[in-house]
Structures are given as C-alpha cells and as structure tokens.
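Listed here are the chains, written in short residue letters.
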Amino acid sequence: MNSYPSELLNQLAPVMFVAGLEDLTLQPPQTPTRTTAPQDPFAALSTRLREVLLSQRKAAIWQPEKNRTFKVLLADKDMRFPPRKVEDPQTHTMHSPLSPLTPTSPMYPDGLISPFWIRKHTTLVPAVFVIFMRIYESPVQQPRSPLDVPDADREREREVEERRRDTELASDIAQRKKHMNEYGVKLTVVLLASRRMLDDPALDARLTFIRRQSGLDPRAALFVLSPVSQAEIGDFVRSLQDALYEPAVEYYTNHSKRVRRKRNKHSQTASSYPLPMSPIGAAGTTPRPLRPEGWTVRYEYKMACFAEFRGEDEIALKHYQDAYSSLLIMFGSTAILPPRTKRWSEARVLADCINVKICKLYLYNNEHSLALAHHNSHIRRFADFCRGWGVGEETFEFWAWLARQHRILAELLEEGTKSTLKIPSHFRTPSQTAALIAAHTLDSSTSQRTLMEAETQRLLGVNPMQALQHPGFYYYMAARCTERRRERFLSALESETATATPAYATEKKVDHLAVMVELYTKAHDNFKHFRTAGNQGHDRFILWIVNKIAETYCMQRKYQVAVRFFERIARTYRHEGWTSLLLPLLLTWYQCAQQLGDMELSVRLLIEMLSHGAGYRRDDPDAMQEDLMAVLKSTVPSSTNKPLVIEPSESEPILESCIVFWKPDVNVGEAAPFQISLTAPSGVSMSALPFTTLTVEFSADIPPIVVQHSLGDNGQALSQVRKIDLGLISISASPQKDKLEARVVEGVLRWGPGHTVVLAGALLSDTPRTLSIIKVELTLQEGSWTIQFPLQLIKPRHRHPIISRWLVSSQPPRFTPITWESYSELHIHHRPHKIQVSLAHHAPAYLGEEYPIVVEVCNTDERELDMVMDVLLQPTEYDEAVNYISVDDQRSSSLIKGVSLGVIPPGASLLKTIYLCSSGVAGDRTIDISVQSRSTATPEPSSPASPSLSADISLVDKGETLQTLVVSAVEAFKLEHDVTYRRSLRPQPGPSDLRTFDADYWDDRDGGEAIVASTFVCSGPSSVAVEAIKLIREDGAYAKVVDCSVEDDTDVLAEWLPGDEFCGSCRVSLAPGDELEEDEGIPGPGAYEITWRRVLLDGERGSPSTSRFSLPPLRPPTDGLIALLDTPPIARLHEPITIRLTIRNRHPSRSANVTVHLETEATDSFVVAGLRSGRLPILLPGTEEQILWRLIPIECGYVKVPRIRVVDRRRAVEQAQGGQGPLPDSESEADAVRIVDIRWDVKDASASVKTARISMDDSTRKGEPIILVVP
C-alpha cells in the first residue's frame, strides 16, 4: 500500500479537533496554601483526556465498525482554517484553492483529485471543534469563626468579578463561533470546573448567561466537566461523541448537497463544452481545461468521500462506482488522457485507489465474489489499456503495476482478517445430512436454495480465479509478477531499448530480489496461517513457496541460507515422491554447494541426481558419471579416515534391488534358492564408476558374502543381464565365532543403462528359523574417496511397485514373474505332524443331559508324539443358556486346558470322551478341540541356540490339529398348560368375621380355584425312558396346590417314543391379596420334575437326566355382583328337590339393592314352593345372601327350571334420591344381575386378552338351567 497515497486508501471517519487541553496547567493557581500543593487535578485531567481522545480512532485502511467515534486531532485554540475560496486575478471569480479553475492550484487546469483535498478534510478542517476552557472560580475565604456571618460587600464583589470574567469568556467564544460558522463547523465548549463549583447554586445561571452571550447552539454546545476518575473520563468522551455525531453527519451532508448541486449544474452545460482544437503535440504549450468526464469523476469522488465520512457505505459504493466508470471513459480516449503524462499517471493512481475502495466496501458487506470480480475486472480492463498505451506484457512497467494490484489486495485482506473479515472455505466438506437439509427447508425456501447451491458448488468444484482466496494466494501472485518484472527489466537492460525513459531510472533503484523474498515470505506465512487440518495440498504448496524463496536467495548469492531451505524441502519431496519437483531443486542445490566449496555435499547431490536416471541430460547418458568422476579425482574429502555413507533414506537408491526366495516356506534340511537383482536406472551409465565390493548380510549367524570386482574380459561389452553365483550356504545349529568369516566371491560390478546383476545362491539349515537378507552394501573407491551405498531392500525407486521376478536363463535373458506374497523372507520349520482327529456322537443333544462326544486321536506319523488336548466351549448368543463341558475330572463353562493324552507311538490311537451339558434355551453349541503334539525325539531347550534368533521362534518340533464341532441342542419334552378357573363354593365369611383377620386364614373368596391341565410331549428324535415324574410343590402366599393327578399315576413310568403325549392336571387354590397389582400374575406354586434317560441306538440307556417345568403364572378373574344357581342335575318324578340361589357382592366398595323374581307359567314342569318376588337386605361389599326353593317335577325328560330374574336397583334409587322424587315402580332403570349355573362355572384362561383379568359374567352358555327328570 505504500505505492499509493494513504489519503486515497484510508477509511474516512468524522474529524474532531480538540483544543485547550495543553493550556490547563498554565491557569493561575487557586488559593495559596502554606504546605506544598499536590499535582494540579486539572493538569492530570488534561493528560487523561488527551490519552482517551487520541485513542478513539486511528487512521487505517480497514475499519468496518459502524460506531459513533471520531478521528480526533489536537489543535491550537487560536488556529485558523485555510481559505475556502480564493479570487482569480484574471477572471475575478472565486474558486477553491485546489480547484482546476484556480491558476495557483496544483490541479490546474485539468487535474482530477489531489490527495491534498482529502488531507484538507482530515487534518485541516474538522466537522466538530471542541475547545476546553476554565470557568472562573472566586477564591474561597475561610471564616475566622463559625459564628461569623457572610460579608455582603464581599459577596457583591465576587458576583461582579464572576460576571466580568464570564463576559470575557463569552466574548472569546463568540469570536471563535463566528469563525466556525463561516465553514459550517460545529463549535462545542467544555468548561472545566472544580467539584466545589458544581455544587454552587449560581452555576446554572452563569452557564445560561455564557451560552446566550456567546451565541452557542442550545443543543450539544456547552458541557461542564470536573476532575474525575479514568473510567468516568471514558464515559464522558463517549457521551460527548454521541452528542456531536449527528452535527458531524449534518456537516458532511451539507457538503454532499453542495457538490451534488455543482454536478447537476455542470451536467446541464456539458453538451456545450468546446472541444480542443489544438493538436495533441501542442498539448504541452496550450493548457486544456478539464473535460466534463473529469468534472464527473471529481464530483462523484467527492460525494463518495463525504458519504464515507458519514458512514453510509452503500451510498459511498455507488458514487465510487460512478467515478470509476467515468474514469474508464477517460482512459478509453488518448485525446482526453494522453499516455505517459502527469495527469495520466495521476488518473491511474486514482483508478487503482478507487478499485481498492470498491473492493473494501464489498468485503465490508461479506460480498466476497463481487469484490473479487471487480478486482479481476479492473486488472483485465487496464491490462487492455496498457497494451494500447505501449506498456503491455513485454515491459517491466506492466508487471510492476500488476504486482502492485495483487499486493494491495493481499494487504487489504490481511488487514481485514485481523479484524472481522472471514475468508470463505472452498474445500470439499462432508455432504449435508438429511436432517440438516430438512431443518433448512423448514426455515425458508431461500435457505434451502442457498444450501443446495452450496452443495452443488462443493460437488462440481470452483474456479480459483472466481473464488476469493486468503492473502497468501495474492502475495504469491504479486511475487510471480515481480519475477516477470525482473525478467523484463533485465531484457530491457541488455537490449538498451528503455534506458532513456524516466521509468527506467526509477526501476534501476528497485531491489527486485529483496521484493520477491518479502512477498514470498508473506505468502508462506499466510498459507501456514490459513492451513486447514488434513489438507495436504496446502502443505505441498507451502513447500513450493519455500522453494521459490530458496531460489531467490540463491540469485542473491546467499547460498548458505538457500542450502538450509533446500534441505528442508528435499526431505518432503523425497518422502512423497515428487520427482518432477525434486530434479530442478537438486540442480540449483548443487550449484549452491559448488559456490560454497562443500565437496561432500556436491558428491551426495551428484549421486542422487545419478540415481534418478533419465531425468537429467537424456541426450548424454555418460554426462553424470563424468561429472562425478571429475569431482572425485580433483578433490579430497574432509575426513579420509571415515567413509562417506550415502543413506538410502535420504535419497533414491542408486540401484533398484529385489530379493526373491523361490520358496518362502521350507522344511529343515531342504535347500532354499534365492536371488538378489540389482538394476541400474535407465538413461544413465555407471560403467565408469569404480565399484570395488558388494557385501550381502543375513539376519541369522551366517557369514557375510563379499563380491569383489573382477576385470573379466576387458574387450567384451557388458551384457544386459549378468549372473553371479554365490553357491550353497549351510547354517549350523551352533555356529562358532571363528567360522563367521566373510565368504569372498568374484564378479563384474559394473552397470550400464538399465543393466541388471543377479546374485544367485541357496540356504540350507538344520534348525527352524526365519531368515532374511538385511543389508546389501556397495562400496566405491577413487583416490582418497571411499563411498558406501547401503541399498534399501524394500524401497522401490520413484515409488513404482516392484515387479518381482526370477531369472531362469541369462543367455538369452528370461525371467519368470513371482505371484505369491512374502517372497523376501524365508521361513524354515519342522515337517508337520500327521495326526487324524475324528469325533463320534449321536446328534442332537437333549437339554439337561450329559451328551457324550467321543474323540479318537490317531498318530499316522512315523515319529512318536506326546499329545495334549484343549477343549473350548464357545459362548452362545442366548443369555438364558447355561452350558458346561467335562473331561475326566475337569469341568468348565468355557475352557478345559491341558488334558494329557500321553505318548502315542506311530500307528496307535486313543479315545477320550467329552461330556456336553446344555440347559436353558435350545440352539447350537460350538466346541473347538485342539490336539497339540510334540516329538519326543527333540527335547525342548531352555534357551535359543543363538541370541540373534527371534524369541517367538521355537526350536521344538511341535504341531497342532484343530477340530470344530457344532452340536444342536433340543428339548426332550415340550409342555403345554391349559388353565381354567372356578369360583369358590364354600360359604363366604361376613365382613365382621374375626377369622379373616388370622394370619393363617386362607381367603379364597376372590380367587377361587384354578385347574391346570398339562400335556407332556416327547418332542425329541430319540426315545426316552421316564423313571419318575412328580410335582414339586412351592406353595406361596397367594396360591397353593390342592391335589395333582400325576402323583399316583404309575403308567407314565415307561419308555416314551417320539411324539408320545401324557396329560396330567392339578388343582390350585387362589387367594390374591390386596398387595397384588391389577395386571400382576400369581407365580405358579410348583414345578413338574421328570427324571429320564436317553435310549441309545443299541438299546442301552444313557446317564440319568432331569427336566424341570414350572407351572404357569395364574391370573384369576374378578367378580362384581353375581348370582350363583345350584340345581341338582337329576330329579325323580313327583319327588321334591331343592335349588339354591346365592347372591354375592364382590365389589370392593359398593353395596347392592337386590330384588329377586321367580316367574312361573302354566306350561312349567314344576310346582314351586318359595319366594316369588321380594327384595333382599342391602348387600354390603364382601357379603352374600341365599334363597331356597322347593320344586316338585310333574313331567319327565329334560325340563327347564322356572325363570329367575335378579336385578340391582341401586342406580334407580340413586336417581330418585338425586331428583327428590318417589322411587319408580318400573325396573327399567335397574341393572340385571347375571345368573351363573355352578355346574358350568368354568372359565378358560388360554384366550385371555393381554394381561387383563377376565370377568366371569361373560359366560358363553345361553338359556336357563335344565334338569333331567326320570320316572
């Protein structure tokens, strides 16, 4: 931003001048004191006020806050403002000193806007002028005695003196007010007074007198302040700014109106503007006035600035855009703005600054795309203008201007991000969830559309030129343009075509490399600051910027700094395999190393460049090795006692290595062939490099193999593929240290472009182990140089996958591809044991029985084996299942480990029985059987044969055979229950019966009896022999077993075939208590226990097993008001019988008003003696009443009992009592009571609905009771 005037870029804010604070300490002292007075409180107040006022707002380019603050400047209270207008001596007209119409103006005659105009409104003329002044305070006269009365003469003199001082003060303010009114500036006076003065009752009158005499405005023109604390000073300054903000806005609004009137007046006369008649060449001698387009630019720019002063960003943006559009019209004509003139340069600066203002105002409103679009449009349009002006891409001026545009945007964004600007993220994020999209849909349709557009943008990607980036991106663009600027300047310097232009002299003073380093460094810092988590793209681009910094340092001849950067970059490029970026970096790094005289670094870099093959000098394969040999022959290393080691982790391997074992797994005593292929990179030759030895080292105690270079046939050319035989390498179980001498083999160690050398050999071991080739090292010697190349055996060159292959024939070369895995490691182990494990059992298993599984282990090997068996019972997915296994005397619910099977000779076998017991839920049970064997011929050693052997490799000849068995467990019996309920027929005790309060009293009035009929079914596929079946009674508080039919039945103790059924029943008395919940069942008071044995296929019977089946939970139904009819089933003709009607009220709280009616007809078959119609006593809850009738049958056959009706008149009585009327005679309002024949008093509970109790009133039988009458 330093390339442009700061006045044209800074954010404009209302200006306030403050005067009078520096004179407070010069006031005459108050009443003298005898002791040393402390610091004047008004001097401290002045210092604090200056600090608070000057800290309100600083000049800055980025200030988006819309608060009521001013840009405060300290001024002299006697300062005079510059003249608004001056007289033209020729035309005798008045114009502004900065107007193009004033001959003495720097803008005369065709200038647009000078930075002095902005400086005038920001530093010379304020919107508000605040002056601090002291109000006169009379000295305090201390009375000599508390009893002294006030002196009237002295009081009169004090008032006269105060009025005189106030008059002088008002006159001074009036003169300043008059000067301010000429410029429309608001004058505000702050009178400073002591705290004593604030309590003076005459203060209000004095302030009113001063305001009226001075002519101050009645609003926000006069304030009073006393010495206060720092916090209170801040509150005063805020209130002062709030009060003066509206006058300041009005001040700039008046300026805008004045400028708008001028613009409108000028636009009306623009059509009559005379065109210049002088040629372009005469423009320097004949001044031309400013054209209408220029006046439009001038007026629009002024109105934009005044709107910016007011804080109206939208209005300012519109005027800036209009001014910019008029500027484009002016630049479009060379007659209006001739290129390379002073006004042309001023207009370009103004256009660039207006572009920055427009972009900034867009960014204030978070319109990032519009800001970037205007910036790109500005660059595109003025790039077209530059081509027409002759300063296109071939000139350094163009690139200097373009670098400034990118840099100023970067600096603007950088200032914004330090405050409130948020750079949008353009990286792909996880897709929006359906819930989030639905939430946005509920908010509004606009939110949904915005969300969908953002999601589409993420999926399709964005154009980087159309998406606002962080400042680092534009700093990088500015640095790249500066590179082009330097290139064009050097080209112009060589051709001497632009040395005569003024721009050349200015450009010659520019340190391009320093500017490039600065810009690249800022780009690097911003890229690191805005780096997102998990974004590798940014990390790699940061390294690219660091690379550009290093290259710039190299051009500055700061080689040591450049080398440090190259080391950091190359480490990442090697790790990630960016060969295309690493190759030019190595070349520049090598040049820096040569300039520094670091020979070891030069050798390392040459070897690394050599390892990249055809990446360098493809036309000359011998060039790289010639350069390396020249360095080795002409220089010496820094240390001749220590070889130079080229670590494979720091660079690409000079040879691509591949290790292949023909068989990855072999037995002890079997030879394992292997090959090591070493291939040179294509495109470069290493035939002249003096490799002397090649060392191969193994992972075990195997002597290393050293291949020494032999000259061979000097006249014979190197073949494409050569083979070096390493022979058979035997490995003993206990190697001696004196036998670990290196084995020397001779061979040709020279490689041409793409040549391959294959080292072939075989390994033979008498002990099990894991072998691998851990090191292949190549040694080069030339003069004083000794260079070692440890080859990394698992790292492919250039990160390409290794194609493993086996050399079958060298003449002609023929390879076989290797398709299996783990070809680079050899596993030597004992021969596997030959063991057969078979399982015998009779599936399925029954729940509750010990199911036998016979395991037969047969040794089919020729070795004697010691065997141990482990049995694992896998857990089931059912929580209710309880399982366990047992072998011999061991029992476990999961694992039985270490069951010894003893030593089994060859050809022998052994039987072992495993018992599985399953209970709970039917399903599959899984058993894993592991038989572990060990050869008795190989005792287990206490320690490994060699300390280099891995601890997990055992030398003992062991083996393991696994078997998995899935056993299906089913139920031997299935039991179904059918429950029916009956009411208790015993006489019911009354409410006052004391027996019901005894603890041992069994109250079955509400429960009655339950008949549980159980059906046993033999559901398994095998027969079972039932030895015992009984009911285990578990009487509880609410239920007890009365009797059971299976206790005396011996017919069931027999052999049951699959599908056989047996039925038994038991009678349960129920006594539900008050503690029982409504939907809670009564637990069954017992369980059936069946003792049985499985009948095997051979007729034998298995071990005894027990199955247990609990009685079902019982839910007895409830009654309300019920009538029970007891009639004999058979009667004899003409013999009297008795029928009994029992009416019970089982409602817990409601009494019953019951009437009984016996209705006879002429056709009835009985003669009845008893109650025909009558009302029973009131039935309280829990009571019952009985009615008896004597009947004499007079017909034979099935005859009906006379009809009996029972009604409850409780509801009718309640209605009569509520209406205060007589009891109705009709029984239509009464409730009929259901009469139940106790002979059919049975309820089936199997059809119960959910858990609700069943009412016995819902009987399915219809009609009156029937009696069989016999003769």
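Above this text you will find the structure in question.
Structure report, in brief. Computed from a predicted model, the values in this text were never measured in an experiment.

The next point concerns the side chain of S765. Looking at the secondary structure, you find S765 in strand β16 (residues 756-765). A polar contact is formed between the side chain of S765 and the backbone oxygen of T767, at a distance of 2.9 Å. Ignoring anything within four residues of it in the chain, the contact list for S765 reads V668, G669, I731 and I828.

Attention now goes to the sheet that holds strand β9 (residues 656-661). Taken in spatial order, the four strands make up an open sheet running β9-β11-β16-β14, and their pairing is mixed. Looking at which strands have only one partner, the edges of the open sheet turn out to be β9 and β14 (721-731). Within the sheet, the average angular offset between the axes of one strand and its neighbour, ignoring direction, is 15°. Relative to β16, strand β11 (residues 672-679) is paired through eight bridges, and the arrangement is antiparallel. Across the sheet, the residue bridging to S677 is V758, located in β16.

Before going further, it helps to examine the environment of L1124. You can see L1124 is positioned in strand β41 (residues 1121-1126). Judged by relative accessible area, which is 4%, L1124 ranks as buried. In sequence terms L1124 and L1141 are 17 residues apart; their C-alpha atoms lie 5.6 Å from each other. When residues no more than four places from it in sequence are discounted, the contact partners of L1124 are R983, R1140, L1141, T1142, R1144, V1236 and I1238.

The next thing to look at is unusual backbone geometry. Look at the link from Y108 to P109: it is a cis peptide, with omega at 0°. Following Q811, the chain continues to P812 via a peptide bond in cis, the omega torsion being -5°. Within the secondary structure, P812 sits in the loop between β20 (805-810) and β21 (813-817). Phi at R340 is positive, roughly 60°, even though this residue is not glycine. Summarising the element assignment, R340 is placed in the loop between α8 (313-331) and α9 (342-364).

Tallied over the entire structure, the rule returns 58 salt bridges. Taking the shortest distance from any N to any O, the salt bridge between K548 and E551 comes out at 3.6 Å. Here K548 pairs with E551, and both are found in helix α17 (residues 536-555), just three residues apart, close to one helical turn. Between E1027 and R1093 there is a salt bridge, with the nearest N and O atoms lying 2.5 Å from each other.

We now examine the environment of G754. For G754, the location among the structural elements is in the loop between β15 (743-747) and β16. Sequence separation between G754 and P681 is 73 residues; the distance between their C-alpha atoms is 5.2 Å. Not counting the four nearest positions on each side in its chain, G754 is found in contact with T679, A680, P681, S682 and Q720.

Moving on, we get to the pairing of strand β47 (residues 1184-1193). Looking along a regular strand, one sees the side chains alternate between the two faces of the sheet. With eight bridges joining them, strand β43 (residues 1137-1145) and β47 adopt antiparallel strand pairing. Note on β47: the bridge partner recorded for I1139 is W1189. When strand β45 (residues 1166-1169) meets β47, the two strands line up antiparallel, connected through four bridges. Across the sheet, V1168 pairs through a bridge with L1191, a residue of β47.

Two elements in contact, helix α10 (residues 368-389) and helix α11 (residues 396-418), have axes separated by 11 Å at closest approach and are oriented at 170°. Judged by the inter-axis angle, α10 sits roughly antiparallel to α11. Where α10 approaches α11, its residues H375, H378, I379, F382, A383 and C386 are matched on the opposing element by F398, W401, L402, Q405, H406 and L409. Here the residues of the contact of α10 with α11 sort into eight nonpolar, four polar and no charged.

Calculation notes
Residues numbered from 1 in each chain as written. Predicted model: local features only at pLDDT ≥ 70, side-chain atom pairs only at ≥ 80, totals over all residues. Heavy atoms only, no water. Helix = DSSP H or I, 4+ residues; strand = E, 2+ residues; numbered from the N terminus. Polar contact = N/O pair within 3.5 Å; in protein donor to acceptor, adjacent residues only side chain to side chain. Contact = heavy atoms within 4.5 Å. Pairing = 2+ DSSP bridges. Axes fitted to C-alpha atoms, helices over the stretch in contact; angles between N-to-C directions. Buried < 20%, exposed > 50% of the residue type's maximum accessible area, 1.4 Å probe, protein only. Salt bridge = Lys/Arg side-chain N within 4 Å of Asp/Glu carboxyl O. Parallel < 35°, antiparallel > 145°, perpendicular 65-115°, else oblique. Nonpolar A, V, L, I, M, F, W, Y, C, P; charged D, E, K, R; others polar.

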